[in-house]
Amino acid sequence: MTLKFVRDAVRDEAPDLVVVTGDMVWSPFTERAYGEFAALMDAFAQPWTFVFGNHDRDFVFHTEVLEAAARRSRFCLYDCGDERTAGNGNYTLSLYDGDGRLCWMLYFLDTGDVSHYPRVRGYSHIALSQLDWFYDTSRQIRRQNSGFASLVFMHKAIPEFRDMWEQGGCRGVRYEPEGCSLVNPGLFCALVEDGTVRGVFVGHDHGNNYTGTYCGIRLTYGAITGYNNFARNGLGRDLLRGARVIQLDRRGDFCSYFYCADNRRRDEEMCLME
């Protein structure tokens, strides 16, 4: 059912790029499932990419196996990233207009799985080496370009999502607390200081699909796409399955809506868009 929905969404929306924000698979047959998803994208000649989620690694000892399975796709744009930076898949994609001017820079970050520090419970946090990578990369891009905007894609939310919800003004639902790390290394501060970041998109929490603006940056959950495992019986099981569609313009603005499993579009309050 999940692959059928993805097939319908790609067919009906005809996106320029598909981004999977982690937890693509939770199965003993993870490598094979990655290959099946890649084959579906190839069948549509659909450019796509992804970040790893915490459950993608549950049945795989070496993440590099999944990277290899995905990159066998002719249309996969995933990059393994600098091996000196923590995680797998910290990388960028650049979007240019017809005149060769940089319009959008897309950042992809690996938020890891669980904390590996004995004194810190729960989920892992963005590492200092990843912050260094972001600072260095964004500084170089801003030195060479101007008049562009940026988006960030990763699996787990950062604590500022929770702060934003508590201050009010969000659209969408929050059925569970944000599954973010207990340690806040300052990624959001880095995004604010960068000055080009307009939005952050995450997945992970099965019962959340809200969006809002915090300190000038839009923080946004995707939609539940899968039908199996946690999403079937847990929080968010009554939410319509869907995909968040993001529309970018050349001025650095963007909007988004949901494409749902009944093949109809809905706004961020899940109201039909005719």
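Residues numbered from 1 in each chain as written. Predicted model: local features only at pLDDT ≥ 70, side-chain atom pairs only at ≥ 80, totals over all residues. Heavy atoms only, no water.

Visitor: I would appreciate a short explanation of the side chain of T211 in the present structure.
Guide: Structurally, T211 is set in strand β7 (residues 211-214). Residue T211 is classed as buried on the basis of its relative accessible area of 1%. Look past the residues within four positions of T211 in its chain and what remains in contact with it is M164, C170, R171, R218, L219, T220, R244 and E268. (Helix = DSSP H or I, 4+ residues; strand = E, 2+ residues; numbered from the N terminus. Buried < 20%, exposed > 50% of the residue type's maximum accessible area, 1.4 Å probe, protein only. Contact = heavy atoms within 4.5 Å.)

Visitor: What is the right way to look at the sheet that holds strand β11 (residues 265-266) in this model?
Guide: Adjacent strands of a sheet pair through backbone hydrogen bonds, lying either parallel or antiparallel. The three strands are arranged β9-β10-β11 in an open sheet whose pairing can be described as antiparallel. Edge positions in the sheet fall to β9 (242-248) and β11, since each has one partner strand and no second. Bridging between β9 and strand β10 (residues 254-260) involves seven bridges; their strand directions are antiparallel. If you follow V245 over to β10, its bridge partner there is Y257. Contacts from helix α1 (residues 2-13) reach β9, β10 and β11, with the element oriented near 130° to β10. (Pairing = 2+ DSSP bridges. Axes fitted to C-alpha atoms, helices over the stretch in contact; angles between N-to-C directions.)

Visitor: For this particular structure, what's the right way to read the sheet that holds strand β5 (residues 149-153)?
Guide: Pairing is mixed in the open sheet, where six strands are placed in the order β3-β4-β5-β6-β8-β7. At either margin of the open sheet sits one strand with a lone partner, and together these are β3 (91-96) and β7. Strand-to-strand twist in this sheet, taken as the mean axis angle between neighbours without regard to direction, amounts to 20°. Where β7 and strand β8 (residues 217-221) come together, four bridges link them in antiparallel fashion. Bridge pairing links G212 to L219 in β8. Against the sheet, helix α5 (residues 159-167) engages β6 (197-202), β7 and β8, with an angle of about 95° to β7.

Visitor: Would you mind going over the side chain of N208 with me for this structure?
Guide: Turning to its location among the elements, N208 is positioned in the loop between β6 and β7. Assessed through its relative accessible area of 2%, N208 is described here as buried. A polar contact of 3.0 Å, which involves the side chain of N208, links it to the backbone nitrogen of Y175. In this structure the side chain of N208 is engaged in a polar contact, spanning 3.1 Å, whose partner is the backbone oxygen of E176. In this view, N208 contacts V173, R174, Y175, E176, P177, E178, Y221 and G222; residues no more than four positions away in its chain are not counted. (Polar contact = N/O pair within 3.5 Å; in protein donor to acceptor, adjacent residues only side chain to side chain.)

Visitor: When you look at α5 in this model, what are you seeing that I'm missing?
Guide: Along an α-helix, residues three or four apart share an orientation, since each turn contains 3.6 residues. P159, E160, F161 and M164 are the residues of α5 that are buried. Looking at the buried side of α5, the elements it contacts are α6 (187-194), β6, β7 and β8. A positive phi of about 90° marks G168, the residue just after α5.

Visitor: Is there a simple way to think about α6 in this case?
Guide: The set of residues buried in α6 consists of L187, F188, A190, L191 and D194. Mapping the buried residues of α6 onto a view down its axis gives an arc of 160°, with all of them on the same face. Where the residues of α6 are buried, they touch α4 (128-144), β5, α5, β6, β7 and β8. G195 occupies a position one or two residues after α6 and carries a positive phi of about 85°. (Arc of directions from axis to C-beta.)

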